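Report on the structure
Take a look at the letters that make up each chain.
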Amino acid sequence: METVFQNKSHLQYWEKAANGTIQDSEWEELYQPYKATTDFPACCFYLDYHRMYPDAKVILAIRDFESWYKSASNTIYGASFGWAPKVLAWFFPWFRRLHATNTKIIWNGEFQGRFLDKEAARKVYEHHISEVKRLIPKDQLLLFDVKKGWEPLCKFLGKPIPKQPFPNVNDTKQFQRRILVVKVIAVSLLVLSTTSILFALKLLVKYLL
């Protein structure tokens, strides 16, 4: 979803995906410049991609549910339902559409509105893993533990192992720094709007009196 902020035209495709009306030709338009996709909300449509690209390789990140749930609660869920996103959605119609689309696909779709019910979320998490294992051919599927680094990933993709260390990005601390930036922006918008309203009221009172 990070690329949507860089390419706002992508949102129209995700809105159609959320509504179940996206066509194969539209998926192809969306992914034409790319060779791969990852993470939410794309992973919710892996069966569409597998049907369209039956020879594509699939990488399923395997992680202990407890650590994943804690991380998701402190990052993507918190970023979706905190007060700051609501402020941005109020000021920016495009962001409002993005927030509604993510909510429909991920939280009300994949997790059926029950993410905060930890055991319900566990069932969704474990069901997703078991279904990917069941539906994707074994020779096209890598069960990947990021702690193992480059070797299994590069071997699966038939690529040489890079010299640089395996990256550690999008961890909880990094994501929370992004949330902090969003909060600063939201506060700034509120301060600016409040100042503008007070200034307008002052002018109105002066005019009336």
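Anyway, here's the lowdown on the structure attached to this text. (Residues numbered from 1 in each chain as written. Predicted model: local features only at pLDDT ≥ 70, side-chain atom pairs only at ≥ 80, totals over all residues. Heavy atoms only, no water.)

A word on the pattern of salt bridges. All chains considered together, the criterion is met by eight salt bridges. Where Arg114 meets Asp117, a salt bridge forms, and the shortest distance between an N and an O atom there is 2.9 Å. For Arg114, a relative accessible area of 44% gives the class partly exposed. Here Asp117 falls in the partly exposed class, since its relative accessible area comes to 32%. For Glu119, the salt bridge goes to Arg122, with nearest N and O atoms at 3.1 Å. One end of the pair, Glu119, and the other, Arg122, are both in helix α8 (residues 118-135), three residues apart, so they sit about a helical turn from each other. Each of Glu66, Lys118, Glu119 and Arg122 takes part in salt bridges that share partners, so that together they form one network. (Salt bridge = Lys/Arg side-chain N within 4 Å of Asp/Glu carboxyl O. Buried < 20%, exposed > 50% of the residue type's maximum accessible area, 1.4 Å probe, protein only. Helix = DSSP H or I, 4+ residues; strand = E, 2+ residues; numbered from the N terminus.)

Within the structure shown, the criterion is met by 21 aromatic pairs. Relative to Trp68, the ring of Phe65 lies with its centre 6.0 Å away and its plane at 40 degrees, an arrangement referred to as tilted. With Phe65 and Trp68 both in helix α5 (residues 65-81) and three residues apart, the pair spans about one turn of that helix. Since its relative accessible area comes to 5%, Phe65 is described here as buried. (Phe/Tyr/Trp six-rings, centres within 6.5 Å; stacked < 30°, edge-to-face > 60°.)

By size, the foremost hydrophobic cluster in this structure holds 40 residues, and its most contacted members are Trp14, Trp27, Phe45, Trp68, Phe111 and Phe115. Of all the secondary structure elements, the ones that give two or more residues to this core are α2 (11-19), α3 (24-31), α4 (46-52), α5, α6 (83-91), α7 (93-110) and α8. With six residues, the single largest contributor to this core is α7. Residues within four places of Phe45 in sequence aside, it is in contact with Trp14, Ala17, Trp27 and Ile105. (Core = buried A, V, L, I, M, F, W, Y, C linked by side-chain atoms within 4.5 Å. Contact = heavy atoms within 4.5 Å.)

Across its 18 residues, α7 extends 24 Å between first and last C-alpha, which sits within 8% of the 26 Å expected from 1.5 Å per residue. The sharpest bend along α7 measures roughly 40 degrees and falls at Thr103. Here α7 has its buried residues at Trp94, Phe95, Leu98, Thr101, Asn102, Thr103, Ile105, Ile106 and Trp107. Looking one or two places after α7, you find Gln112, whose phi comes out positive at around 55 degrees. (Expected span 1.5 Å × (residues − 1). Bend = angle between axes of the 7 residues up to and from the residue.)

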